[in-house]
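What follows is the residue order along each chain.
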Amino acid sequence: MTESTPRSSFALSRIALLEGLPAQRLDALAQQCLWQTVDADQLLLARDDDRQEVYFLISGSVRVTTYSAQGRQVTFRDCLAGEMFGDIAAIDGMPRSADVMTLEPSLVASLDRPAFMTLLRDEPQVAERMMQRLALLVRLLSERVVDVSTLGVQGRLHVELLRLARL
């Protein structure tokens, strides 16, 4: 990982959560962020880590996963440029709930928890987008729990294929 990456408010303007923020606010955020270039196949965040930054994915892609006690990998989602991750720990102050691994060389900008919480308090449209994001996450996870609880293997496979086809 290199930390000498130039800070770019233009790059932050392409993050869905931050769209529409004034240039001055984006400039200030860019200066508050730690910018890192990360090679492919690198562990960026580890489950149970107590760091609480939120990450903005400027370029590249990452996979959010965890492992069962038996060592089976569970993939929650893949994130592409323009998305964010690490927000749950940044909001609740608890340890990380998943691992995040780079799938390709990636540029990330991380914002510490106090700065992120200030952003949510000061920018109502960002706070609203964050609430919508979390509500969507609850809905998606609820659907998955119902699928796992009520469908057989073949039914779960059909549902997952349909879900992937919609992407």
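Residues numbered from 1 in each chain as written. Predicted model: local features only at pLDDT ≥ 70, side-chain atom pairs only at ≥ 80, totals over all residues. Heavy atoms only, no water.

## Here we look at the pairing of strand 5 (residues 73-80)
Moving residue by residue along a regular strand, the side chains alternate between the two faces of the sheet. Test applied: Only strands that DSSP links by at least two bridges are regarded as paired with each other. Helix numbers and strand numbers start at the N terminus; a helix is a DSSP run of H or I with at least 4 residues, a strand a run of E with at least 2.
Of the pairings in the sheet, the one linking strand 4 (residues 61-67) to strand 5 comprises seven bridges and is antiparallel in character. Across the sheet, the residue bridging to Tyr-67 is Gln-73, located in strand 5.

## Focus: the pairing of strand 3 (residues 54-59)
As a reminder of what qualifies: In this scheme, a residue with accessible area under 20% of its type's maximum is buried, one over 50% is exposed, and one in between is partly exposed, where area comes from a 1.4 Å probe on protein chains only.
Burial analysis of strand 3 places five of its six residues in the buried class, which makes it a mostly covered element. Pairing between strand 3 and strand 8 (residues 106-111): five bridges, direction antiparallel. Counterpart to Tyr-55 in the pairing with strand 8 is Ser-110. As defined by bridge partners, strand 3 adjoins strand 6 (residues 84-85) across two bridges and the pair is classed as antiparallel. Looking across to strand 6, one finds that Phe-56 is bridged to Met-84.

## Topic: the environment of Ser-97
Selection rule: Residue contacts are counted whenever heavy atoms from the two residues lie within 4.5 Å of one another.
Within the fold, Ser-97 resides in the loop between helix 3 (87-92) and strand 7 (99-102). For the pair Ser-97 and Thr-65, spaced 32 residues apart in sequence, the C-alpha to C-alpha distance is 9.1 Å. Ignoring sequence-local partners within four residues, the contact set of Ser-97 consists of Arg-47 and Thr-66.

## Points about the packing of aromatic side chains
Quick note on the threshold: Only centres within 6.5 Å qualify two rings of Phe, Tyr or Trp (six-membered ring in Trp) as a pair; their planes then separate them into stacked at under 30 degrees, edge-to-face at over 60, and tilted for everything else.
Tallied over the full model, the rule gives one aromatic pair. Their ring planes at 5° and their centres at 5.3 Å tell us that Tyr-55 and Phe-85 sit as a pair that is stacked. Separated by 30 residues along the polypeptide, Tyr-55 in strand 3 and Phe-85 in strand 6 bring together distant segments of the chain. Residues Tyr-55 and Phe-85 agree in their burial class; the two are buried.

## Concerning the sheet that holds strand 4
Neighbouring strands of a sheet are bound in pairs by backbone hydrogen bonds; such pairs are parallel or else antiparallel. Stated formally: Helix axes use the C-alpha atoms of the stretch in contact, all axes being lines fitted to C-alpha atoms, and the angles between their N-to-C directions lie in the range 0 to 180 degrees.
An order of 2-7-4-5 is seen for the four strands of this open sheet, with the pairing classed as antiparallel. Only two strands of the sheet have a single partner each, and these edge strands are strand 2 (43-45) and strand 5. In this sheet, neighbouring strand axes are inclined to one another by 30° on average, regardless of whether the strands run parallel or antiparallel.

## Regarding helix 2 (residues 23-32)
Operational definition: Our arc is simply the arc of the directions from the helix axis toward the C-beta atoms.
Where helix 2 is concerned, the buried positions are Arg-25, Leu-26, Leu-29 and Ala-30. What you see down the axis of helix 2 is that its buried residues fit within an arc of 140°, all on one side. With respect to the buried face of helix 2, the exposed residues turned more than 90 degrees away are Ala-23, Gln-24 and Gln-31.

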